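Remarks on the overall topology
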Amino acid sequence: MSATIIRNGRVIDPANKRDEIADLYIADGKIVGSKSEIRNPKSEIEEIDAKGLIVAPGLIDMHVHLREPGFAHKETIESGARAAAAGGFTTVVCMPNTSPAADNPSTIAWIKDRAATVACVNVLPAGAISKNLAGEELAPIGSLMQAGVVAITDDGHCVQNHEVMRRAVEYARMVGVPVLDHCQDYNLVGNGVVHEGYWSILLGLPGWPAAGEEAMVMRNILLAELCDHHIHCQHVTTAGGVRLLHEARSRGVKISGEVCPHHIALTDEAIQNFDTDYKMNPPLRSQADVDALLEGIADGTLSILCSDHAPHADFEKEVEFDAAPFGVVGLETEVGLFIDLLVHKHRKIDIARLIGMYTVEPARLLKINAGTLSVGACADVTLVDPELEWTVKVDQFQSASRNSPFNGWKLRGRAVRTIVGGKTVWKL
Amino acid sequence: MSTGWTRKDLLGVRELSADEINLVLETADAFKQLGTREIKKVPALRGKTLVNFFVEPSTRTRTSFELAAFRLSADVINISATTSSLTKGETLKDTARNLEALHADILVLRHSSAGAPQFLASRLKASVINAGDGAHEHPTQALLDLYTIRERRGKIAGLHVAIIGDILFSRVARSNIFGLLKLGAHVTLVGPSTLVPREFEKLGVEVSYQIDDVLPKADVVNLLRIQHERQRREYFPGIREYIRLFGLTKERAKRLKPDCLIMHPGPINRGVEIDSEVADGLQSVILDQVTNGLAVRMAVLYLCGGIVT
């Protein structure tokens, strides 16, 4: 039986509105209230000095691609989980665009089994909305729920038929599973590979307009109202999307949105050398969109932070811009980028809110027992040094892939230790 | 052989300074003179190997580069998409590295993806010359257009140039816009709003949807082909309506100044963007463009081929 005392840290637990310098006690993989509750006198008590550090509930990234089954050359559940731990995450939600797609209970069972065997963090699968992510027939959402999915989404794809989406949301309400949607209207987006604007015009790259996202954000707002069930808009990137969410949330519509670090760290100007590490879906947008995302984070319209960790092998990315797959890895850089940009550089939120956006917010949305330091909770804990200055080095990533545009970036703030179920799975 | 030129690659006009553009045009002057002599060949690139790597179809540009290379005494190999290993699933990078392993010195690339020349230039020691990449740039076409305007009008600064047609999908338009603006011309883009979005104004050009207002002011009109192969149906209602609104018909051509040059990069769709008689009329310099293209491409190969990396 193990026990740990994390001493003198700034304990931030947004679920309990707690923010104080305190010691945190862990016994047998759970948070306990005091040292006296570490009952077994034979316990070897590990002491961690957290002076100057933040002691946070284990961070949750509810939007990652771990690529298994089907694409183990990009990432495996094992390597993706290591990357998560190195980024400060104790729980990740993996997307269903695998091969086969996670649209059936056996694939979910395989992912959970694999994760239980090889993953050093909690891996929670999301299931598909539609069979084979084709947007035509509903996946067996109830069976997926019984198999253990925490959400449904056709991420990477988007159900285009509003009637199919409406029935999916209605059905999800009955089952009690949250719906996540990658908001993208295929007709408007067409063959676009970058944001439609100055740089797409200049470079002659097929552009996709912000309206291609906004139209689906609007659709989801209408369906969330119609079906009285929560829809979460994944990786919001547009000023219009933020405006629509703001208006709908102020009326109490069950709608929310998340944001990825690359969409606030970079603009579409970065694509001018045709470097495919800047090619992602949704694309890098304009400065006006970035400004709107920052305001949306500041006023709470965008309530969740995530990476959309999307690993691809070098040989897949090292091709013509049109031909390259979309996506960037993010698990090992996102906390650093968000602290650096949101807390230090732009001063949009404080570190406590940032931790809330990575813990209590996703935990509540997904209705999972995580994201808090309440007594009795599983001892998933992340220690964060908000002042630590460090340099991103992709060759040191735990991820199996290297497709990051942030190599060489100097950042302030990062997770320094990741504890899952009372056990340190990674430390700097 | 100090020319003042420092680039191993020619990827686009956007990256060139006005001085660099003028250096190409002046170098082309010398090569154009050469074309009128009995012996048209010089040994400038003797012993060098040039690969014409055309992943998209082309007649004019490929032939022009090939002839330019012959005139400079380079050894030339032609590869097209259908005869290359790209059809067997080889990546562009691997194909290019294989060509380099055979000691190719200059790679002339035509590709359907914007940025493909940049991609190769940053990975190869060989010179990469962009012969058209997607809707991005076609620098030698713009340079030969500039050469032709300068030859006929004696200058470029201050001239009013109208580029008419499918601008959105046109690499010729983009390279021309960059070059013309750098040399001080006024540029107006004309075409259906779906193919000439207002966003282009941010590049420093005017946008007009009224061809009849633009023609009388123009010193040069450069007509672009409607690129059926790149377009989805919804960009405009049909060819007949296009002709009615934007075609350079015989009637419309009467609105042009008598000394206005009519240009077209080819291939021409007679009776669509330009009436057959106008294309063959006295103001047309369409075939001069082709002739000048040879001299300009010789200049580009000579300048880039002389850079030792």
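Residues numbered from 1 in each chain as written. Chains lettered and ligands numbered in written order. Predicted model: local features only at pLDDT ≥ 70, side-chain atom pairs only at ≥ 80, totals over all residues. Heavy atoms only, no water.

A short note on the overall build of chain B
From N to C terminus, chain B includes eleven helices and nine strands. For chain B, whose C-alpha radius of gyration is 19 Å, the value lies close to the compact-globule estimate of 19 Å for 309 residues. Seen through its C-alpha atoms, chain B measures out along the principal axes to roughly 55 × 45 × 35 Å. Of the contacts formed within chain B by residues at least 6 apart in sequence, a portion of 73% connects residues at least 24 apart. Working note: accessible area of chain B is about 13,100 Å², and carbon and sulfur atoms make up 51% of it. Each charge class in chain B can be summarised by its mean position, and for the 41 positive and 35 negative side chains these summaries are 2 Å apart. (Helix = DSSP H or I, 4+ residues; strand = E, 2+ residues; numbered from the N terminus. Rg over C-alpha atoms; globule rule 2.2 N^0.38 Å. Contact = heavy atoms within 4.5 Å. Areas by Shrake-Rupley, 256 points an atom, 1.4 Å probe, with all protein chains shown as cover. Lys, Arg positive; Asp, Glu negative; His and termini not counted. Charge placed at Lys NZ, Arg CZ, Asp CG, Glu CD.)

Brief notes about the side chain of His309(A)
Residue and element names in this part refer to chain A. Turning to its location among the elements, His 309 is positioned in the loop between β14 (304-305) and α11 (314-317). In this structure the side chain of His 309 is engaged in a polar contact, spanning 3.0 Å, whose partner is the backbone nitrogen of Gly 330. For His 309, the side chain forms a polar contact with the main-chain nitrogen of Leu 331, separated by 3.2 Å. For His 309, the contacting residues outside a window of four places in its chain are His 63, Val 64, His 65, Glu 75, Val 328, Val 329, Gly 330, Leu 331 and Ser 399. (Polar contact = N/O pair within 3.5 Å; in protein donor to acceptor, adjacent residues only side chain to side chain.)

Describing the sheet that holds strand β1 (residues 49-54) of chain B
All names here are of chain B. Spatially, four strands are ordered β2-β1-β3-β4 in an open sheet, and the strand pairing comes out parallel. Bordering the open sheet on either side are β2 (75-80) and β4 (127-133), each of which pairs with just one other strand. Along the sheet, successive strands turn relative to each other by an average axial angle of 15°, direction set aside. Two strands pair when backbone bridges link them, and strand β3 (residues 106-111) and β4 are joined in this way by five bridges, in the parallel orientation. By the bridge assignment, Leu 107 is partnered in β4 with Val 128. Contacting β1, β2, β3 and β4, helix α2 (residues 60-71) runs over the sheet at an angle of about 180° to β1. (Pairing = 2+ DSSP bridges. Axes fitted to C-alpha atoms, helices over the stretch in contact; angles between N-to-C directions.)

Thoughts on helix α1 (residues 18-34) of chain B
Residue and element names in this part refer to chain B. Relative to the 24 Å expected for 17 residues at 1.5 Å per residue, α1 spans 25 Å between its end C-alpha atoms, a close match to the ideal helical length. Every buried residue of α1 is accounted for by Glu 20, Ile 21, Leu 23, Val 24, Leu 25, Thr 27, Ala 28, Phe 31 and Leu 34. Along its buried surface, α1 packs onto α5 (139-153), α6 (171-182) and α11 (286-305). (Expected span 1.5 Å × (residues − 1). Buried < 20%, exposed > 50% of the residue type's maximum accessible area, 1.4 Å probe, protein only.)

Thoughts on the packing of α5(B) against α6(B)
Residues and elements named next belong to chain B. Closest axis-to-axis distance for the α5/α6 pair is 8 Å, and the angle between their directions is 50°. In terms of axis orientation, α5 runs oblique to α6. Crossing angle aside, the handedness with which α5 passes α6 is right-handed. Of the residues in α6, those in contact with Pro 139, Gln 141, Ala 142, Asp 145, Leu 146 and Ile 149 of α5 are Val 172, Ser 175, Asn 176, Gly 179 and Leu 180. Split into classes, the residues belonging to the contact of α5 with α6 amount to six nonpolar, four polar and one charged. (Parallel < 35°, antiparallel > 145°, perpendicular 65-115°, else oblique. Left-handed = near helix turned anticlockwise from the far one by under 90°. Nonpolar A, V, L, I, M, F, W, Y, C, P; charged D, E, K, R; others polar.)

Side note on the pattern of salt bridges
On inspection of all chains with the given rule, the structure shows 38 salt bridges over all chains. The salt bridge involving Glu47(A) is made with Arg7(A); its shortest N-O contact spans 2.5 Å. Remark: Arg7(A) occurs in strand β1 (residues 2-13) and Glu47(A) occurs in strand β4 (residues 44-49); sequence separation between them is 40 residues. Under the relative-accessibility criterion, Glu47(A) is labelled partly exposed at 46%. Overall, Arg7(A) belongs to the partly exposed group, its relative accessible area being 23%. Between Arg171(B) and Glu56(B) there is a salt bridge; the shortest N-O distance is 3.0 Å. Of this pair, Arg171(B) sits in helix α6 while Glu56(B) is found in the loop between β1 and α2, placing the two residues 115 residues apart along the sequence. Here the two residues Arg171(B) and Glu56(B) agree in accessibility, since each one is buried. The structure contains a network of salt bridges with shared partners spanning Glu163(A), Arg166(A), Arg167(A) and Glu170(A). (Salt bridge = Lys/Arg side-chain N within 4 Å of Asp/Glu carboxyl O.)

Comments concerning the confidence of the model for chain B
In the predicted model, chain B carries a mean pLDDT of 93, and the fraction of residues at 70 or more is 96%. This complex was scored by the predictor with a pTM of 0.95 and an ipTM of 0.93. (pLDDT = per-residue confidence, 0-100.)

A word on the nonpolar core
Side chains of nonpolar character tend, in soluble globular proteins, to be buried together. By size, the foremost hydrophobic cluster in this structure holds 193 residues, and its most contacted members are Ile264(A), Ile163(B), Phe200(B), Val221(B) and Leu301(B). Apart from the residues within four sequence positions on either side, Phe200(B) is in contact with Ile201(A), Ile167(B), Leu168(B), Arg174(B), Ile177(B), Leu189(B), Leu195(B), Val205(B) and Val207(B). With 18 residues, the next largest nonpolar core counts Ala81(B), Leu92(B), Leu107(B) and Phe119(B) among its residues. (Core = buried A, V, L, I, M, F, W, Y, C linked by side-chain atoms within 4.5 Å.)

Quick word on the pairing of β1(B)
Residues and elements named next belong to chain B. Extensive coverage of β1 is indicated by the burial of six of its six residues. Across the two faces of β1 the burial is the same, with Thr 49, Val 51 and Phe 53 and Leu 50, Asn 52 and Phe 54 all buried. Across six bridges, the pairing between β1 and β2 is parallel. Among the inter-strand pairings, Phe 54 is bridged to a residue of β2, identified as Ser 80. Handedness of the crossover joining β1 and β2 through α2 is recorded here as right-handed. For β1 and β3, the ladder comprises five bridges, and the chain directions are parallel. (Right-handed = clockwise from strand over helix to strand, strands pointing away.)

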